[in-house]
Amino acid sequence: MPSVLLCPPDYFDVVDQKNPYMTRKSAVDRGKARSQWDSLCSVLQQSGCDIETIAPVEGLEDMVFAANQVFVGEKSGYGKFAVPSQMVYPSRQREVPHFAEWFRQHEYQIVDLDYGTDYLEGHGDLIWHPDGSRIYAGYGFRSTQGGVQKFSDAMSKMGIPVVPLDLVDPFCYHLDTCLCPLTNEAALVFPGAFAAHALASIHQYWPRVHLLAAEEAHRFMGNGIVINGNYISPYMTPQLQQILESEGLRPLIVDTSEFEKAGGSCFCMKTFLP
Ligand code: ARG
């Protein structure tokens, strides 16, 4: 049974503007956020997932986005490992030690990188190919090219290639908003989020690239969770539904409107545990 780590939204809020979605036009409704988070958990459970949680910390308003604080993986000969992030924003930097400690306690090897002035934001920007053969690494808004390079050097010691991808759309400030692996051969991609050479790399590695429109990507339809034949997404369009059907996936809708006010949706709120 796949396991997934989430953080309850007890202290979730929008207090600043870390990305263009955080306009603070309407305040966060914490009750509503809690019920949306509960629904995401039940849909994950109904999809055959085991849920693990990390304790939320007061004052860490974005900790609910449990995809960003570490990058996790498993490699034969090395075992399970977690790479703590270097987040751009100070409140988010304070989330990282809590996650690193959780993974240490769960017997993951902690791989600390020497970031210097670079940044790297976990599974926000680092996405596994489903078969574990390589990792796609977005940079430009949060993670830096240098951060990706340092990560790539560390992964190469384990024999895992990293494909750097230059991001160019501020509404797709993390890779997980514009690239979503559906199968080993097919991915959902919003082409407008990538520099030309990055898009060319994507085409090189994925035989089937399904294109999302800007309106779909900017409503987090490429920020879905693929799990046991389901695609968990905050919204659906006929076009996306058709793509999913052609890849043998069933769409499941979970309302994440409160979390979208902070610039995140389904994918951002969890980390799959190897
Ligand atoms: N407010 C959070 C931030 O700007 C949202 C993070 C969303 N996470 C993601 N993986 N895209 O850091």
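Note: the structure precedes this text.
Values in this document were obtained by computation on a predicted structure and should not be read as measured data. (Residues numbered from 1 in each chain as written. Predicted model: local features only at pLDDT ≥ 70, side-chain atom pairs only at ≥ 80, totals over all residues. Heavy atoms only, no water.)

Draft legend 1. Main features of the state of the cysteines. This model, assessed by the stated rule, comprises zero disulfides. Here C7 stays unpaired: no disulfide links it, and the sulfur of C41, its closest cysteine neighbor, is 10 Å away. Using a relative accessible area of 0% as the deciding quantity, one classes C7 as buried. Among the cysteines around C178, which has no disulfide bond, C172 carries the closest sulfur, lying 4.7 Å off. (Disulfide = S-S within 2.5 Å. Buried < 20%, exposed > 50% of the residue type's maximum accessible area, 1.4 Å probe, protein only.)

Draft legend 2. Representation of the nonpolar core. Among the nonpolar cores identified, the biggest contains 30 residues, and L165, L175, L179 and F194 are the most heavily contacted of them. Those elements that provide at least two residues to this core are β8 (162-166), β9 (179-181), β10 (186-189), α6 (196-205) and α8 (238-246). When residues in this core are grouped by element, the largest group, four residues, is from β10. For L175, the contacting residues outside a window of four places in its chain are G124, D125, I127, Y136, A137, G138, L165, L167 and F194. (Core = buried A, V, L, I, M, F, W, Y, C linked by side-chain atoms within 4.5 Å. Helix = DSSP H or I, 4+ residues; strand = E, 2+ residues; numbered from the N terminus. Contact = heavy atoms within 4.5 Å.)

Draft legend 3. Geometry of the packing of aromatic side chains. Counted according to the given criterion, the structure contains 13 aromatic pairs. With 6.0 Å between their ring centres and 80° between their planes, F12 and F65 make a pair best called edge-to-face. Residue F12 is located in the loop between β1 (3-6) and α1 (30-46), and its partner F65 is located in the loop between β2 (50-53) and β3 (70-75); the two are separated by 53 residues in the primary sequence. Under the relative-accessibility criterion, F65 is labelled buried at 4%. One aromatic cluster is present, built from ring pairs that chain together Y21, F171, Y173 and F220. Over the aromatic face of Y235 sits the side chain of R219, whose NZ or CZ is 4.1 Å from the ring centroid. (Phe/Tyr/Trp six-rings, centres within 6.5 Å; stacked < 30°, edge-to-face > 60°. Lys NZ or Arg CZ within 6 Å of the ring centre and 35° of its normal.)

Draft legend 4. Examining the site of the ligand more closely. Taken together, 16 residues are adjacent to the ligand, and N68, R92, R142, D176 and A262 come closest. Residues that form the shell around the ligand fall into these classes: five nonpolar, six polar and five charged. (Near = heavy atom within 4 Å. Nonpolar A, V, L, I, M, F, W, Y, C, P; charged D, E, K, R; others polar.)

Draft legend 5. Structural detail: the sheet that holds strand β6 (residues 126-128). Reading across the sheet, the three strands line up as β6-β7-β8 and stay open at both edges, with mixed pairing between neighbours. One side of each edge strand has no neighbouring strand; the edge strands of this open sheet are β6 and β8. Neighbour to neighbour, the strand axes of the sheet diverge by 25° on average, direction disregarded. Across three bridges, β6 lies against strand β7 (residues 135-139) in antiparallel orientation. Its bridge partner lying in β7, I127 is registered against Y136. Each of β6, β7 and β8 touches helix α5 (residues 145-156); the most contacted strand, β7, lies at about 160° to it. Across the sheet, α6 touches β7 and β8, and the angle it forms with β8 is around 140°. (Pairing = 2+ DSSP bridges. Axes fitted to C-alpha atoms, helices over the stretch in contact; angles between N-to-C directions.)

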